[in-house]
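# What the coordinates show
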Amino acid sequence: MAELNQKPQETGKKKIRSRKMAPKVDLTAMVDLAFLLITFFMLTTTLNKPAAMDIAMPDKTKENVDSPVLIDENRTATLILGDGKFMWYHGDFKKPFAASEKPADIETTLAQVVAQLNAKISTLPNTKDMIVLIKPSKEARTKDVIRTIDELKHQNITRYVIGKTQDEEEKHLLASIQ
């Protein structure tokens, strides 16, 4: 849209000066382009979906709190998590079938230990699949618990429980670290 404004010339001896007009810019094309870009990005953008872990926790009704859950000791492996370290035992804490003697690093040895325990438990007679009890101590970091759960999922272990450490287990872990 171009526009030209002219005044008729006056006759006389006056000096004619041209008036400078402010330039006009047509913004129609830029507005069209802006709306096209906004529409394009709105239609092509996908929002990130939150990633959450599925953890089934036991029912805490009054009738279920008092009764202990009985689990086959042949199928259970317990991981006691500390600050970047862990200890494990297979079976009961007081009479384990096998146990670690000293704490191991979660980042480097957790995958090997879980694979060995899974292979050992799956070969035992009258056992189905391994049940892992994850017991983080007071010194354990959230990062360590998440890494442990990720490793269990990576090795296709579907049965695991997050519980509290007993005083004996925590004392044993602390004594082993020092």
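Throughout what follows, the structure given in this document is the object of discussion. These numbers come from a predicted model, not from an experiment.

For the rest of this paragraph, the subject is the pairing of strand β1 (residues 76-81). Where burial is concerned, most of β1 is hidden: 6 out of the 6 residues are buried. Neither face of β1 is left uncovered, since the one carrying T76, T78 and I80 and the one carrying A77, L79 and L81 both have all their residues buried. Looking at chain direction, β1 and strand β2 (residues 85-91) are connected through 5 bridges and run antiparallel. The partner of L79 across the bridge, within β2, is W88. Counting the residues between successive antiparallel strands, the hairpin from β1 to β2 contains 3 residues, one of them, G84, with a positive phi of roughly 80°.

Counting through the fold element by element, T76 comes out in strand β1. Judged by its relative accessible area of 4%, T76 falls in the buried class. Sequence-distant contacts of T76, that is, excluding residues within four places in its chain, are made with I71, Y89, H90, G91, I121 and I131.

The next point concerns the packing of aromatic side chains. For the structure on display, the rule yields 1 aromatic pair. Look at F40 and F41: their rings are 5.2 Å apart centre to centre, the planes differ by 70°, and that puts the pair in the edge-to-face class.

So, about the pattern of salt bridges. Evaluated as defined, the whole model comprises 5 salt bridges. A salt bridge links R75 to D129; the nearest nitrogen and oxygen atoms lie 2.9 Å apart. Taken together, the positions of R75 in the loop between α2 (62-66) and β1 and D129 in the loop between α3 (106-123) and β5 (131-136) put the pair 54 residues apart, joining distant regions of the chain. Of the residues examined, D129 reaches a relative accessible area of 27% and is grouped as partly exposed. Between D83 and R141 there is a salt bridge, with the nearest N and O atoms lying 3.2 Å from each other. Taken together, the residues D83 in the loop between β1 and β2 and R141 in the loop between β5 and α4 (142-154) connect sequence positions 58 residues apart. Accessibility expressed as a relative area gives 34% for R141, which makes it partly exposed.

As a further point, take unusual backbone geometry. Here the phi dihedral of N156 falls at roughly 60°; this positive angle occurs in a residue that is not glycine. By secondary structure assignment, the location of N156 is in the loop between α4 and β6 (159-162). The class of N156 is exposed, set by a relative accessible area of 66%.

A cluster of nonpolar side chains, namely V25, L27, M30, V31, F35, I38 and M42, defines an oily patch on the protein surface of about 760 Å² accessible area. Following the sequence through the fold, L27 ends up in the segment before α1 (28-44).

Before going further, it helps to examine the environment of T142. As for its placement among the helices and strands, T142 is situated in helix α4. For T142, a relative accessible area of 61% translates into the label exposed.

Turning to the packing of α3 against α4, a few remarks are in order. Working note: a packed helix pair is described by the angle between its axes plus the distance between those axes. Interaxial distance between α3 and α4 falls to 10 Å at its minimum, and their mutual angle equals 35°. Between α3 and α4 lies a crossing of right-handed hand. Contacts between α3 and α4 pair I106, E107, L110, A111 and V114 from the former with K143, D144, R147, T148, E151 and L152 from the latter. When grouped by side-chain class, the residues that make up the contact of α3 with α4 number 5 nonpolar, 1 polar and 5 charged.

What counts and what doesn't
Residues numbered from 1 in each chain as written. Predicted model: local features only at pLDDT ≥ 70, side-chain atom pairs only at ≥ 80, totals over all residues. Heavy atoms only, no water. Buried < 20%, exposed > 50% of the residue type's maximum accessible area, 1.4 Å probe, protein only. Helix = DSSP H or I, 4+ residues; strand = E, 2+ residues; numbered from the N terminus. Pairing = 2+ DSSP bridges. Contact = heavy atoms within 4.5 Å. Phe/Tyr/Trp six-rings, centres within 6.5 Å; stacked < 30°, edge-to-face > 60°. Salt bridge = Lys/Arg side-chain N within 4 Å of Asp/Glu carboxyl O. Patch = residues over 30% accessible without salt bridge, like charges linked within 9 Å, V, L, I, M, F, W, Y side chains within 5 Å. Areas by Shrake-Rupley, 256 points an atom, 1.4 Å probe, with all protein chains shown as cover. Axes fitted to C-alpha atoms, helices over the stretch in contact; angles between N-to-C directions. Left-handed = near helix turned anticlockwise from the far one by under 90°. Nonpolar A, V, L, I, M, F, W, Y, C, P; charged D, E, K, R; others polar.

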